[in-house]
Amino acid sequence: CSGSVNLDDFEEVWQYGCNELKDDIWEQDGVAPQCGVKISNFAPLKAGRIYIPIGEEKGFVTSHTIVNYGWIFNKIIDGKIGFVKKRN
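Per chain, residues are indexed from 1 in the order of the written sequence. Local features in a predicted model are, by the rule used here, given only for residues with pLDDT of at least 70; side-chain atom pairs are given and counted only at 80 or more, and totals for whole chains, interfaces and linings are based on all residues. To obtain the side-chain values, all non-hydrogen atoms of the structure were included, while hydrogens and water were left out.

1. Some points on the overall build of the protein
Part 1 of the argument: What the protein contains, in helices and strands, is one helix and four strands.
Part 2 of the argument: The helix count covers DSSP runs of H or I at least four residues long, the strand count covers runs of E at least two residues long, and both are numbered beginning at the N terminus. Tracing the protein from N to C terminus, the helices and strands come up as β-β-α-β-β.
Part 3 of the argument: Residue exposure (1.4 Å probe, protein chains only): buried if accessible area is under 20% of the type maximum, exposed if over 50%, otherwise partly exposed. Within the span of the protein, comprising 88 residues, buried residues form 30% of the whole.
Part 4 of the argument: As displayed, the protein has an accessible area near 6,600 Å², and 55% of this comes from carbon and sulfur atoms. Per-residue and other accessible areas follow the Shrake-Rupley method at a 1.4 Å probe size, with only the shown protein chains counted as cover for residues.

Here it is in C-alpha coordinates:
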(Lines give C-alpha, C1' and ligand atoms only; values in the text may rest on other atoms or scores of the structure.)
Protein backbone atom coordinates (compact mmCIF):
# COMPACT_ATOMS: atom_id res chain seq x y z
CA CYS A 1 0.00 0.00 0.00
CA SER A 2 2.87 2.31 -0.70
CA GLY A 3 4.67 3.74 -3.66
CA SER A 4 3.32 4.82 -6.99
CA VAL A 5 3.56 4.16 -10.71
CA ASN A 6 4.12 6.80 -13.34
CA LEU A 7 1.50 5.81 -15.92
CA ASP A 8 3.35 7.78 -18.61
CA ASP A 9 6.11 5.13 -18.46
CA PHE A 10 3.75 2.35 -19.63
CA GLU A 11 1.18 1.66 -22.32
CA GLU A 12 -1.13 0.06 -19.75
CA VAL A 13 -1.02 -0.85 -16.06
CA TRP A 14 -3.30 -3.54 -14.62
CA GLN A 15 -3.37 -4.94 -11.12
CA TYR A 16 -4.49 -8.56 -10.92
CA GLY A 17 -5.42 -10.46 -7.79
CA CYS A 18 -8.00 -11.36 -5.24
CA ASN A 19 -10.68 -8.99 -4.04
CA GLU A 20 -9.82 -8.31 -0.41
CA LEU A 21 -13.28 -6.84 0.17
CA LYS A 22 -15.38 -9.67 -1.29
CA ASP A 23 -13.31 -12.88 -1.42
CA ASP A 24 -13.43 -15.17 1.59
CA ILE A 25 -10.27 -14.92 3.68
CA TRP A 26 -9.16 -18.43 2.66
CA GLU A 27 -9.35 -17.39 -1.02
CA GLN A 28 -7.16 -14.34 -0.59
CA ASP A 29 -3.46 -14.08 -1.36
CA GLY A 30 -1.50 -14.66 1.84
CA VAL A 31 1.90 -14.26 0.18
CA ALA A 32 1.36 -10.75 -1.15
CA PRO A 33 -1.94 -9.46 0.27
CA GLN A 34 -3.79 -7.09 -2.00
CA CYS A 35 -3.99 -3.37 -1.58
CA GLY A 36 -5.71 -1.48 -4.35
CA VAL A 37 -3.58 0.56 -6.71
CA LYS A 38 -4.67 4.18 -6.73
CA ILE A 39 -5.75 5.11 -10.25
CA SER A 40 -6.30 8.75 -11.01
CA ASN A 41 -9.40 9.91 -12.86
CA PHE A 42 -7.34 11.06 -15.85
CA ALA A 43 -6.09 7.56 -16.76
CA PRO A 44 -8.99 5.08 -16.47
CA LEU A 45 -8.54 3.71 -19.99
CA LYS A 46 -4.93 2.65 -19.56
CA ALA A 47 -4.97 1.39 -15.98
CA GLY A 48 -7.19 -0.51 -13.62
CA ARG A 49 -7.73 -3.46 -11.35
CA ILE A 50 -8.96 -6.91 -12.37
CA TYR A 51 -10.00 -9.52 -9.82
CA ILE A 52 -9.45 -13.26 -10.19
CA PRO A 53 -12.68 -14.46 -11.84
CA ILE A 54 -15.12 -16.92 -10.28
CA GLY A 55 -14.10 -20.46 -11.13
CA GLU A 56 -10.36 -19.77 -11.16
CA GLU A 57 -7.98 -21.15 -8.53
CA LYS A 58 -7.71 -19.03 -5.37
CA GLY A 59 -6.11 -19.53 -1.98
CA PHE A 60 -3.36 -18.46 0.44
CA VAL A 61 -0.56 -19.46 -1.97
CA THR A 62 -2.64 -20.30 -5.06
CA SER A 63 -3.79 -16.69 -5.56
CA HIS A 64 -0.14 -15.65 -5.83
CA THR A 65 1.06 -18.43 -8.11
CA ILE A 66 1.75 -17.32 -11.69
CA VAL A 67 0.83 -20.74 -13.10
CA ASN A 68 -2.80 -19.93 -12.17
CA TYR A 69 -2.90 -16.71 -14.18
CA GLY A 70 -3.46 -18.09 -17.70
CA TRP A 71 -6.93 -16.55 -17.62
CA ILE A 72 -5.49 -13.04 -18.01
CA PHE A 73 -4.84 -13.84 -21.68
CA ASN A 74 -8.02 -15.61 -22.73
CA LYS A 75 -10.91 -15.33 -20.25
CA ILE A 76 -13.70 -12.97 -21.26
CA ILE A 77 -14.00 -10.30 -18.58
CA ASP A 78 -16.09 -7.16 -18.98
CA GLY A 79 -16.64 -8.04 -22.64
CA LYS A 80 -12.91 -8.30 -23.44
CA ILE A 81 -10.86 -11.42 -24.04
CA GLY A 82 -8.18 -11.03 -21.40
CA PHE A 83 -6.52 -7.79 -20.51
CA VAL A 84 -2.84 -8.51 -21.13
CA LYS A 85 -1.54 -8.26 -24.67
CA LYS A 86 0.71 -11.20 -25.54
CA ARG A 87 4.25 -10.27 -26.49
CA ASN A 88 6.01 -11.72 -29.53
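The discussion continues.
2. Quick notes on the environment of D29
Part 1 of the argument: Here D29 shows up in the loop between β1 (13-17) and β2 (47-51).
Part 2 of the argument: Two N or O atoms form a polar contact when they lie within 3.5 Å of each other; inside protein one atom must be a possible hydrogen donor and the other a possible acceptor, and for residues adjacent in sequence the pair counts only when both atoms belong to side chains. A polar atom in the side chain of D29 sits 2.8 Å from the backbone nitrogen of V31.

3. What to know about the packing of aromatic side chains
To describe a pair of aromatic rings, you give the distance between the ring centres and the angle between the ring planes.
Part 1 of the argument: Stacked, edge-to-face and tilted labels apply to pairs of Phe, Tyr and Trp rings (six-membered ring for Trp) whose centres lie within 6.5 Å, assigned for plane angles under 30 degrees, over 60, and everything in between, in that order. Applying the stated criterion to the full structure yields two aromatic pairs.
Part 2 of the argument: Ring geometry for Y16 versus W71: centroids 5.6 Å apart, planes at 65°, classification edge-to-face. Placement of the pair is Y16 in strand β1 and W71 in helix α1 (residues 71-74), with a sequence separation of 55 residues. Like Y16, the residue W71 is buried in the burial classification.
Part 3 of the argument: Here a set of aromatic residues connected by ring pairs shows up, and it is made of Y16, Y69 and W71.

4. Remarks on the pattern of salt bridges
Opposite charge on two side chains makes pairing possible when the charged atoms of those side chains draw close.
Part 1 of the argument: Salt-bridge detection follows one rule: a side-chain nitrogen of Lys or Arg within 4 Å of a carboxyl oxygen of Asp or Glu. Under the defined criterion, the tally for this structure stands at one salt bridge.
Part 2 of the argument: Residue D23 pairs with K58 through a salt bridge whose shortest N-O separation is 3.0 Å. Of this pair, D23 sits in the loop between β1 and β2 while K58 sits in the loop between β2 and α1, and the two are 35 residues apart along the sequence. Exposure class is identical for D23 and K58. Each is buried.

5. Focus on the side chain of S63
Part 1 of the argument: Its location among the elements puts S63 in the loop between β2 and α1.
Part 2 of the argument: By relative accessible area, S63 is classed as buried at 2%.
Part 3 of the argument: At a separation of 2.9 Å, a polar atom in the side chain of S63 contacts the main-chain carbonyl oxygen of E27.
Part 4 of the argument: Residue contacts are counted whenever heavy atoms from the two residues lie within 4.5 Å of one another. Beyond its immediate chain neighbours, meaning those up to four positions away, S63 contacts E27, Q28, D29, I52, K58 and Y69.

6. Observations concerning the pairing of β1
Part 1 of the argument: Counted residue by residue, β1 has four buried out of five residues, so it is predominantly covered.
Part 2 of the argument: Only strands that DSSP links by at least two bridges are regarded as paired with each other. In terms of strand pairing, β1 meets β2 through five bridges, oriented parallel. Residue V13 lies in a different strand from β2, and its bridge partner there is A47.

7. A short note on the environment of E12
Part 1 of the argument: In this structure, E12 sits in the segment before β1.
Part 2 of the argument: Along the chain, E12 and A47 lie 35 residues apart, while their C-alpha atoms are 5.5 Å from each other.

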